[in-house]
Amino acid sequence: MKNVKKVIAVMALSAFAGSGLYAGNAESLAKEAMKLDVKKVCDVKANGLDKVLAVAEKYNPAAVKLGVEFKRLGITNSVYIKGLKEAVKKKEKKVTLKYKKKGKVKSKTFPTDYATWRACTFAVRALQLHEEGKKTWRLAVPGDGYKF
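Let me begin by describing the structure that accompanies this report. (Residues numbered from 1 in each chain as written. Predicted model: local features only at pLDDT ≥ 70, side-chain atom pairs only at ≥ 80, totals over all residues. Heavy atoms only, no water.)

1. With respect to the pairing of strand 3 (residues 94-101)
Moving on, step 1. Here strand 3 runs beside strand 4 (residues 104-111); their pairing, made up of eight bridges, is antiparallel. Residue pairing for strand 4: Val95 is matched across the bridge by Phe110.
Moving on, step 2. Where strand 3 hands over to strand 4, the hairpin turn is made up of two residues, of which Lys102 adopts a positive phi near 55°. (Pairing = 2+ DSSP bridges. Helix = DSSP H or I, 4+ residues; strand = E, 2+ residues; numbered from the N terminus.)

2. Let's talk about helix 4 (residues 49-66)
Helical geometry note: an α-helix holds 3.6 residues per turn, so side chains three or four residues apart project in the same direction.
Moving on, step 1. In a regular helix each residue adds 1.5 Å, so 18 residues correspond to 26 Å; helix 4 covers 26 Å between its end C-alpha atoms and thus fits that length.
Moving on, step 2. Taken as a whole, helix 4 carries its principal kink of about 25° at Tyr59; the proline Pro61 stands between one and four residues after it.
Moving on, step 3. Three or more residues of helix 4 are buried, namely Val52, Leu53, Val55, Ala56, Tyr59, Asn60, Ala62 and Ala63.
Moving on, step 4. Downstream of helix 4 by one or two residues, Gly67 has phi in the positive range, about 80°. (Expected span 1.5 Å × (residues − 1). Bend = angle between axes of the 7 residues up to and from the residue. Buried < 20%, exposed > 50% of the residue type's maximum accessible area, 1.4 Å probe, protein only.)

3. As for the side chain of Asn60
Moving on, step 1. Here Asn60 shows up in helix 4.
Moving on, step 2. Relative accessible area serves as the criterion here: at 4%, Asn60 is assigned to the buried category.
Moving on, step 3. A distance of 3.3 Å separates the side chain of Asn60 from the side chain of Glu69, its partner in a polar contact.
Moving on, step 4. Ignoring any residue separated from it by four or fewer positions in sequence, one finds Asn60 in contact with Glu69, Asn77, Ser78, Ile81 and Ala123. (Polar contact = N/O pair within 3.5 Å; in protein donor to acceptor, adjacent residues only side chain to side chain. Contact = heavy atoms within 4.5 Å.)

4. Looking at the packing of aromatic side chains
The description of two aromatic rings rests on the distance between their centres and on the angle between their planes.
Moving on, step 1. Using the criterion set out here, one finds five aromatic pairs in the structure.
Moving on, step 2. The interplanar angle of 40° and the centroid separation of 5.8 Å between the aromatic rings of Tyr80 and Phe110 together place this pair among those described as tilted. Taken together, the residues Tyr80 in helix 5 (residues 77-90) and Phe110 in strand 4 connect sequence positions 30 residues apart.
Moving on, step 3. Classification of Phe110 as buried rests on a relative accessible area of 8%.
Moving on, step 4. Seen in terms of ring centroids, Phe110 and Tyr114 are 6.0 Å apart; in terms of plane orientation they differ by 40°. Their pairing is tilted.
Moving on, step 5. Through a chain of ring-to-ring contacts, three or more aromatic side chains come together here, namely Phe70, Tyr80, Phe110, Tyr114, Trp117 and Phe122. (Phe/Tyr/Trp six-rings, centres within 6.5 Å; stacked < 30°, edge-to-face > 60°.)

5. A closer look at the state of the cysteines
Moving on, step 1. Taken as a whole, this structure holds one disulfide when the rule is applied.
Moving on, step 2. Each sulfur of the disulfide joining Cys42 and Cys120 lies 2.0 Å from the other. Since a negative S-S torsion denotes a left-handed disulfide, the Cys42-Cys120 link at about -70° is left-handed. Residue Cys42 is found in the loop between helix 2 (38-41) and helix 3 (44-47), and its partner Cys120 is found in helix 6 (residues 112-136); the two are separated by 78 residues along the sequence.
Moving on, step 3. On the basis of relative accessible area, Cys120 is assigned to the buried category, the value being 0%. (Disulfide = S-S within 2.5 Å.)

6. Remarks on unusual backbone geometry
Moving on, step 1. Phi is positive for Leu73, close to 60°, though the residue is something other than glycine.
Moving on, step 2. Positive phi values are uncommon outside glycine, yet Lys102 reaches one of about 55°.
Moving on, step 3. Tracing the sequence through the fold places Lys102 in the loop between strand 3 and strand 4.
Moving on, step 4. Exposure remark for Lys102: the relative accessible area of 80% places this residue in the exposed category.

7. Details of the packing of helix 5 against helix 6
Moving on, step 1. One way to put it is that helix 5 packs onto helix 6 with a least axis distance of 9 Å and a crossing angle of 140°. Viewed along their axes, helix 5 and helix 6 adopt a mutual orientation that is oblique. Here the hand of the crossing between helix 5 and helix 6 comes out left-handed. Contact residues: Asn77, Tyr80, Ile81 and Leu84 in helix 5; Thr112, Ala115, Thr116, Arg118, Ala119, Phe122 and Ala123 in helix 6. (Axes fitted to C-alpha atoms, helices over the stretch in contact; angles between N-to-C directions. Parallel < 35°, antiparallel > 145°, perpendicular 65-115°, else oblique. Left-handed = near helix turned anticlockwise from the far one by under 90°.)

Below is the structure:
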């Protein structure tokens, strides 16, 4: 019985350590995102659809892991990226994104260039705002040492 408890304890500790390593990876990507210029990195005309989509795919999982993924018009950034992958494969000029809102399946259509720019911007800015918030959160606390 003692061996079983030891095995369970070791498995629990290794699970916590593994999740910490992944969270550390998300934190390091957030710090890396702080160095990026969103206008240059997410410029579809200068970089092309594939490179901009790759940037969005790189940074969005970290935003999801940290719980700061953007959601606009009822559509999460993960839905943007998933729909864009399919549209780029089919070489379509417009992408139709399907999402659920209030239990109903809805859809919106965007130009592919715009949706790609939006997905990239949302992925990078979510991480940048997360990092900025760590330094500036005290400014949002009313009466916390600030005189008005």
